[in-house]
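Chain by chain, the residues run as shown.
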Amino acid sequence: MRIGKVNIENYKCFEGRFSAFFNEGINIIVGDNEAGKSTILESINLALTGVLNGRYLKNELSQYLFNYNVVNTYLESLRQGQNPSLPEILIEVFFDECELPLFEGNGNSEKVNGCGVIFKIEFDSTYQGEYEALVAEGNDITTVPIEYYKINWKSFARDSVTARSIPIKSVLIDSTSSKYQNGSDVYLSRIIRNDLEDSERVKLSQAYRKMKDTFIDDASVRAINEKISGKAKISDKNLSISVDLSTQNSWETTLMTYLDNVPFHQIGKGEQCIIKTNLAIRHEKSKEANLVLLEEPENHLSHSKLNLLIKAVTDSCDGKQVIISTHSSYVANKLGLENLILLNDQTVTRLPELPTETFTFFKKLPGYQTLRMLLCRKAVLVEGDSDELIFQRAYMDAHGGRLPIEDGIDVISVKLTFKRFLDIAIKINQPVAVITDNDSDYANKITKKYKDYVGYKCVNIFADDRDELNTLEPQFVDANIADLATLCDIVSISSGTYDTAKKVSDYMVGHKTGWALKVFESDTALQYPEYINNAVVWCDEK
Amino acid sequence: MKNNKLIIAAAGSGKTTFLVNQALAVESGAVLITTYTEANGREIRDRIVAKKGCMPSNITVQTWFAFLLQHGVRPYQSVLNDSIHSHDIGFFLSSEKSGKKLDAEGNPVLIKGRPIYWGGKDFLRYYFTSRFNIYSDKISKFVFNTDKATKGKLISRISRIYKNIYIDEVQDLAGFDLELIKLMFKSNSSVILVGDPRQVTYLTHHSTKYGKYANGQIKLFVEKELGKRIQCEVDETTLSASHRNNQAICEYSAKLYPDLPAPFACECDSCRVDDAHVGVFMIKPSEVDQYLSTYKPVQLRWSSASKINSNFPALNFGESKGATMDRVLIYPTNPMKEWIKNNAYALKNEGRSKLYVGLTRARLSSTIVMDYQESNCIDGVTFFTFTGNVVN
Ligand SMILES: [Zn+2]
């Protein structure tokens, strides 16, 4: 039993509809800061628990839950005297691999037979009259009339649901851990509660009630209460102190969890995160599935702790489902690129099956900048530092001094592992350019080597087809042959001593990074080999 | 093992106890107990809670209509008509044939003095009130058609939720209800139907489908309509002993339904009380007041328009269903009187059933208010006067 698909509509950063599929086991969401990674985790948790930021959303509806543009469109249309339909938030979770006929039906926005829950924040039509009056009066409505909204939380069988009745128990472990005011940790409580059998839960509630009764009955408390009620005759009513008896499960909000006698919320964020994750993953109640939503674990963990966490997740996620959002390519690589979900512009791309050896290659190279290629608009792969510097400079010269990265173009130095990157790029249709040497054998080192990628529009190979110019240095000298003196000047060698192309080129080969850095930092622009110029032009193509 | 059964229950035979015990004995899988009336459902729920201390999580008790709404209508409510995909569909108990065409003022459109009705082509107005409450007399048709449109997903879903389905008061199901029973028989669930064909409620069904099985002919339906591939055992013995009525009441009431096996009085010691005034009696209207003060029977009548002594408690026949009383005083209608005088009289189904219900409420005495001549001979009934009993 797990979640298979999520639809989100008009919630926070999602304007219109957003959909994502999830696999069993581990899912890693990567994407820009603004892409809405945490909103996805948050909304899944909301639809499965009714809880947002550690509190039941029910009585805390707010206009800020709605997508800004959707609200504006509604308001604008109202202002123009039209009668727009009120915006509505929808979060829909499809269950997968489950036998839960109670949750089956076609009561979902896709109108298909399925198993799941639908969580809506919608206009309560019992207020139709009030709302119409409000509009008719011509009052300036400046926001969504949230006071007329309600939560509609149902199974796909159109039956009302509660957090208790939903068999997939979700735990959101975020970086800004929410607590009840007194410090007891809401997530921790829920994790523990979910793991308890009904009978254990009843016993705990009873023990808690007994404790409260003992407190109230204690002689000193009674004496204090007599004193208070004697003195504080504010009205003819009785004032007394007691323990909060109002909520049924108040042990959850009152009881504190301790780790080695230290209150849980006082231990480090990192440690908290690991403990909560472990608790959630080890959850043993057999009838229920568990979903762990882990938000950017790298944010508050040292490298070694992060390793521990990743190990915990990979070791014990058997039969559990984990959705992690991350910025760290280290985390992504460690947990498996096959589980990657790329989030970009409200769309998701999943890294489909890659050749096994490509996986293992990336998995063995933690910290390797795989994600850079996946997250940028276009990637330029180069062999080493000098290629990187020269290409960047060529790009800047053509773009008024702007770095490629400022235009979403990432230049990545990959040594000799071009093909590994290309294998990923073709799977996700990521535009990528390769800038490489011909090693004096264009036919074999370029044409033949990259023939497998010919059919892919997203892959573009840029190399010099003149075998006699085998690498960047002779190619670069050749491009500046008309004015060798300026080149010598920039790389700080005497144009008198280095008076032939061959000599300059040999010098540069001997000082690989040095010359390139000087060219990169120079005030004077030079000429670039044609294939590099072509790569710059490719960057500007649509 | 899947096992379908129809159990014919006599009045006072401990049907509720039987169902409760059956449900509590189920070890694996969920149980649905569905009843026709709210009151009966409440009774079953109370009995379970009294026995177990709480409602076991695998047992659900709900009325037939509530069940149809939750599991029949809502899960696939838009399959027949896409326009109601997001509506909150409710329920409307219709006491007459539903879906009358109304004019602008809300009055029925009459042709030759008779109302006309929306047909199935006017889907929304045929099935629903203007507030999208589904009519009680069409809900099972809606469910049946939806199941067909989902290629059986609807019934399959139900049978995966409830491995055991008990349908109580089955005598009140008719029309498309019977089609649904047929589908449930065919599913993987074990279905037990329990009912007393003698105690049909004549209020809520106006369907013409399977009309011939409407008047308590559920047994006939099971025997004739299931076909070879669907099995259903008919059990007329398990619930044939009355723990309420004494033998005299059993025998007399059985005369109303000569085609069905006659219920008999149980022999449990705890059910049998010694009393001087037991049996089926007839008194003259002139002695009613004295009889009421002496024996304190509950008065049973056709409707609140019937004349009774308002100083003593009274119920309509219909309201008394399911109840047990020590003594009853029955005010028969004129056709009932005809039957009492001559058991060959063709008393109509509704009157027959109500008289049966009235007679079988009592543990000790069922007494009929009716003028008689001491010289008359009324089969099965003892004349009673305060001046001395006259046996005929
Ligand atoms: Zn008995």
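Please refer to the structure higher up on the page.
Attention here is on the structure that accompanies the text. This structure is a prediction, so every number in the text was calculated from the model and none was measured. (Residues numbered from 1 in each chain as written. Chains lettered and ligands numbered in written order. Predicted model: local features only at pLDDT ≥ 70, side-chain atom pairs only at ≥ 80, totals over all residues. Heavy atoms only, no water.)

Re the sheet that holds strand E20 (residues 459–462) of chain A
Residues and elements named next belong to chain A. The strand order across the open sheet built from four strands is E18-E17-E19-E20, with neighbouring strands paired in parallel fashion. The sheet terminates laterally at strand E18 (409–413) and E20, the two strands that pair on one side only. Ignoring which end each strand starts from, the neighbouring axes of this sheet average 20° apart. In terms of strand pairing, strand E17 (residues 378–382) meets strand E19 (residues 432–435) through four bridges, oriented parallel. Bridged to Val 382 within E19 is Ile 435. The strands that helix H13 (residues 385–398) touches are E17, E18 and E19; relative to E18, the one it contacts most, it runs at about 160°. In the packing of helix H20 (residues 530–540) onto the sheet, contacts are made with E17, E18, E19 and E20, and the angle to E17 comes to roughly 160°. (Pairing = 2+ DSSP bridges. Helix = DSSP H or I, 4+ residues; strand = E, 2+ residues; numbered from the N terminus. Axes fitted to C-alpha atoms, helices over the stretch in contact; angles between N-to-C directions. Contact = heavy atoms within 4.5 Å.)

Comments concerning the sheet that holds strand E2 (residues 31–35) of chain B
Residue and element names in this part refer to chain B. If you walk across this open sheet you meet the six strands as E3-E2-E8-E9-E1-E10, and the pairing is parallel. With one partner strand each, in any of the chains shown, strand E3 (59–63) and strand E10 (233–235) form the two edges of the open sheet. With strand direction ignored, the average angle separating the axes of adjacent strands in the sheet is 15°. Relative to E3, E2 runs parallel, the two sharing five bridges. When the sheet's bridge partners are listed, Val 31 is paired in E3 with Ile 59. The strands touched by helix H2 (residues 38–52) are E2 and E3; relative to E3, the strand with the most contacts, the crossing angle is about 160°.

Things to note about the side chain of Thr 150 of chain B
All names here are of chain B. If you trace the backbone, Thr 150 turns up in the loop between helix H5 (139–149) and helix H6 (153–161). Within polar-contact distance, the side chain of Thr 150 engages the backbone nitrogen of Leu 154 at 3.4 Å. With sequence-adjacent residues up to four places away left out, Thr 150 is seen in contact with Tyr 76 and Val 79. (Polar contact = N/O pair within 3.5 Å; in protein donor to acceptor, adjacent residues only side chain to side chain.)

Quick word on the pairing of strand E13 (residues 279–283) of chain B
Residue and element names in this part refer to chain B. The buried fraction of E13 amounts to five of the five residues, a majority that puts the element mostly inside the structure. Residues Gly 279, Phe 281 and Ile 283 line one face of E13 and the alternating positions Val 280 and Met 282 line the opposite face, and both faces are buried. The pairing of E13 with strand E17 (residues 362–369) spans five bridges and is classified as parallel. Opposite Ile 283, over in E17, you have Val 369 as the bridge partner. The pairing of E13 with strand E18 (residues 382–383) spans two bridges and is classified as parallel. In the strand pairing of E18, Phe 281 is matched with Thr 382. (Buried < 20%, exposed > 50% of the residue type's maximum accessible area, 1.4 Å probe, protein only.)

Some points on the pattern of salt bridges
Counted according to the given criterion, the structure contains 34 salt bridges over all chains. Residue Asp 172 of chain B pairs with Lys 321 of chain B through a salt bridge whose shortest N-O separation is 3.4 Å. Of this pair, Asp 172 of chain B sits in the loop between strand E8 (164–167) and helix H7 (176–186) while Lys 321 of chain B is found in the loop between helix H11 (317–320) and strand E16 (325–330), placing the two residues 149 residues apart along the sequence. The class for Asp 172 of chain B is buried, based on a relative accessible area of 3%. By relative accessible area, which is 23% here, Lys 321 of chain B ends up partly exposed. One connected set of salt bridges, linked through shared partners, spans Glu 88, Lys 120, Glu 122 and Lys 150 of chain A. (Salt bridge = Lys/Arg side-chain N within 4 Å of Asp/Glu carboxyl O.)

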